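An overview of the molecular structure
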Amino acid sequence: MARLGRARPFSMYDRCRAALTGLGVAFLLTGALVVAVYAALEYVGLRRLPRGGSA
């Protein structure tokens, strides 16, 4: 006799994987680009500081 009842619930991994649509991918890539640009600007700014350290 077949088991009656609910199917196995989705795990958190299945939910996250299913929820990542094209819009989600675009959002993640945009965020990664913003972080990369900020890091590059900060690196250039830190390189231009005088090395004497006088405040």
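This text gives an overview of the structure that appears in the document. Just so we're clear, the structure is a prediction, and the values are computed from it rather than from any experiment. Throughout this description, residue numbers start from 1 for each chain and increase along the sequence as written. Given that the model is predicted, a residue must reach a pLDDT of at least 70 before its local features are reported, and side-chain atom pairs must reach 80 or more before they are shown or counted; all residues, however, enter totals for whole chains, interfaces and linings. Note: side-chain values were computed over all heavy atoms of the structure, leaving out hydrogens and water.

1. Observations regarding the overall build of the protein chain
- To qualify as a helix, a DSSP run of H or I must reach at least 4 residues; to qualify as a strand, a run of E must reach at least 2; elements of each kind are numbered from the N terminus. Assigned secondary structure in the protein chain consists of two helices and zero strands.
- Residue exposure (1.4 Å probe, protein chains only): buried if accessible area is under 20% of the type maximum, exposed if over 50%, otherwise partly exposed. For the protein chain, with 55 residues in total, the buried portion stands at 4%.
- Entry remark: accessible area of the protein chain is about 5800 Å², with carbon and sulfur atoms responsible for 67%. Accessible surface area values rest on a Shrake-Rupley calculation with a 1.4 Å probe, where residue burial reflects the displayed protein chains alone.

2. So, a nonpolar patch on the surface
- Residues forming no salt bridge and having over 30% relative accessible area are the ones grouped into patches, like charges within 9 Å of each other and nonpolar side chains (Val, Leu, Ile, Met, Phe, Trp, Tyr) within 5 Å. Put simply, a salt bridge is a Lys or Arg side-chain nitrogen that is within 4 Å of an Asp or Glu carboxyl oxygen. A contiguous nonpolar patch, built from Leu20, Val25, Phe27, Leu28 and Leu29 and spanning about 530 Å² of accessible area, is present on the exposed surface.
- Assignment of secondary structure puts Val25 in helix 2 (residues 22-47).
- On the basis of relative accessible area, Val25 is assigned to the partly exposed category, the value being 37%.

3. Structural notes on helix 2
- Here the expected span of a helix is defined as 1.5 Å times the quantity of residues minus one. Its 26 residues place the ends of helix 2 38 Å apart at the C-alpha level, agreeing with the 38 Å of an ideal helix rising 1.5 Å per residue.
- Across the 26 residues that make up helix 2, only a small minority, one, are buried.

That is the geometry; function is a separate question.
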